[in-house]
Amino acid sequence: MSEKPEVSQRKYDISIIRPELREADFHLRGSDMSKPRLAAIRKGLRTLHTLELMALTIYRYQITKEPDDLNRQLIAAMCNEMGHYQDFTVKLYEFGFRPSCLRWAYWLVGFSFGFGSRLLGRRATLKTGVWVESKAVAHYAELLESIDWDEETRRVVEKNQADEDGHIRRWRRALESL
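Here the structure is a predicted model, which means the values were calculated and not measured. One numbering rule holds for all chains: residues counted from 1, following each sequence as written. Only residues with pLDDT of at least 70 are given local features in this predicted model, and only at 80 or more are side-chain atom pairs given and counted; all residues enter the totals for whole chains, interfaces and linings. Water and hydrogen atoms were dropped before computing side-chain values, which therefore reflect all heavy atoms in the structure.

A. Highlighting the overall build of the protein chain. The secondary structure content of the protein chain amounts to five helices and zero strands. Across the protein chain, helices and strands are ordered from the amino to the carboxyl terminus as α-α-α-α-α. For the protein chain, the spread of C-alpha atoms along the three principal axes comes to 50 × 35 × 30 Å. For the protein chain, the share of sequence-separated contacts (at least 6 apart) that also reach a separation of at least 24 residues comes to 83%. Throughout, the Shrake-Rupley method with a 1.4 Å probe supplies accessible areas, and for residues the shown protein chains are the sole cover considered. Total accessible area computed for the protein chain in this model is approximately 10,200 Å², and 57% of it derives from carbon and sulfur atoms. Computed over 29 positive and 26 negative side-chain charges, the inter-centroid distance for the protein chain is 5 Å. Every helix listed is a DSSP run of H or I at least four residues long, and every strand listed is a run of E at least two residues long, numbered separately from the N terminus. Contact definition: two residues touch when any of their heavy atoms are within 4.5 Å. Counting rule applied: Lys, Arg positive; Asp, Glu negative; His and chain ends not counted. To locate a charge, take atom NZ for lysine, CZ for arginine, CG for aspartate or CD for glutamate.

So, in structure tokens, the structure goes:
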């Protein structure tokens, strides 16, 4: 396996919600990779893709009609998660893979967590955010460690992990201010 930089060695600007993409940024990938490596990448991308669907659905159903800062932040977080979902959709197709046909189940879980926490109030909404994003950061770390990603895909995974870590900090600050 190739030498992989630690996530902390790279700096990512998490204030950028949706990084710019140009046509030249899209590549067909994987033709020079072994089948076991491709299988690991496929499994990792499908996992990340479905988890991001769950995350964006949680935020979507946590948003209320109140014109307040929490809703503004939830909208920004939802948009960020939509970008992650798009990132992994693109990577799946660049490698010649397809999303999981079972992703609808993650939508249902996201709806349940999002709507359920919204019904329980702000504290539950924020605690759900911290809990879910903490699980995501740990999952990202595991996948970054265990899969031999190509460099461009690794950067996408690392950037998205940094965003998730930023969400944790944001929701913890909001919890402290309640």
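B. Focus on the side chain of Ser117. Mapped onto the elements, Ser117 comes out in helix H3 (residues 103-120). When neighbours within four sequence positions are excluded, Ser117 is seen to be in contact with Gln62, Ser112, Ala124, Thr125 and Thr128.

C. Structural detail: the pattern of salt bridges. We count a salt bridge whenever a side-chain nitrogen from Lys or Arg sits within 4 Å of a carboxyl oxygen from Asp or Glu. In total, this model carries twelve salt bridges according to the counting rule given. Glu20 serves as the salt-bridge partner of Arg22, at 3.2 Å between the closest nitrogen and oxygen. Residue Arg22 is classed as exposed on the basis of its relative accessible area of 52%. Throughout this description, buried means an accessible area under 20% of the type-specific maximum (1.4 Å probe, protein chains only), exposed means over 50%, and partly exposed covers the range between. Residue Glu20 is classed as exposed on the basis of its relative accessible area of 60%. Between Arg154 and Glu158 there is a salt bridge, with the nearest N and O atoms lying 3.8 Å from each other. With Arg154 and Glu158 both in helix H5 (residues 151-176) and four residues apart, this pair spans about one turn of that helix.

D. Examining the layout of surface pockets more closely. Within this scheme a cavity is a closed region of a 1 Å grid, computed over the protein atoms alone, that accommodates a 1.4 Å probe without allowing it to escape, whereas a pocket is open but has protein on both sides within 12 Å along at least five of seven lines; lining residues each have an atom within 4 Å of a point. Grid points are joined across faces, edges and corners, and a volume is the space filled by probe spheres set on the points. Computed from the structure, the largest pocket encloses a volume of approximately 570 Å³. Taken together, 24 residues form the lining of the largest pocket, with Pro19, Glu20, Leu21, Asp87 and Val156 sitting closest to its centre. Sorting the residues of the lining of the largest pocket by element identifies helix H2 (69-94) and H5 as the ones contributing at least two each. With seven residues, the single largest contributor to the lining of the largest pocket is H2. Looking at side-chain class alone, the lining of the largest pocket contains eight nonpolar, four polar and twelve charged residues. Note that Gly is not counted as nonpolar here; it falls among the polar residues with everything else outside the nonpolar set of Ala, Val, Leu, Ile, Met, Phe, Trp, Tyr, Cys and Pro and the charged set of Asp, Glu, Lys and Arg.

E. Region of interest: empty space enclosed by the protein. The final tally for this structure, using the stated rule, is two cavities of 30 Å³ or more. What the largest cavity holds in volume is close to 50 Å³. Lining of the largest cavity is provided by Ile14, Ile17, Asn80, Asp163, Gly166, His167 and Arg170. Looking at the lining of the largest cavity element by element, the count peaks at four residues for H5. Within the lining of the largest cavity, the residues separate by chemical class into two nonpolar, three polar and two charged. Lining the second largest cavity, in full, are Ala55, Ile58, Tyr59, Gly129, Val132 and Glu133. Mapped by element, the contributors of at least two residues to the lining of the second largest cavity are helix H1 (35-62) and helix H4 (122-146). Here the residues of the lining of the second largest cavity are counted per class, giving four nonpolar, one polar and one charged.

F. The packing of aromatic side chains, seen in detail. The criterion for an aromatic pair is that two Phe, Tyr or Trp rings (for Trp, the six-membered ring) have centres within 6.5 Å, with stacked assigned to planes under 30 degrees apart, edge-to-face to planes over 60 apart and tilted to the rest. Taken as a whole, this structure holds eight aromatic pairs when the rule is applied. Ring geometry for Tyr59 and Trp171: centres 5.8 Å apart, planes at 50 degrees, overall tilted. Linking Tyr59 in helix H1 with Trp171 in helix H5, this pair joins segments that are 112 residues apart in sequence. The buried category is assigned to Trp171, whose relative accessible area is 1%. Relative to Phe111, the ring of Tyr61 has its centre 4.9 Å away and its plane inclined at 80 degrees; by these criteria the two rings are edge-to-face.

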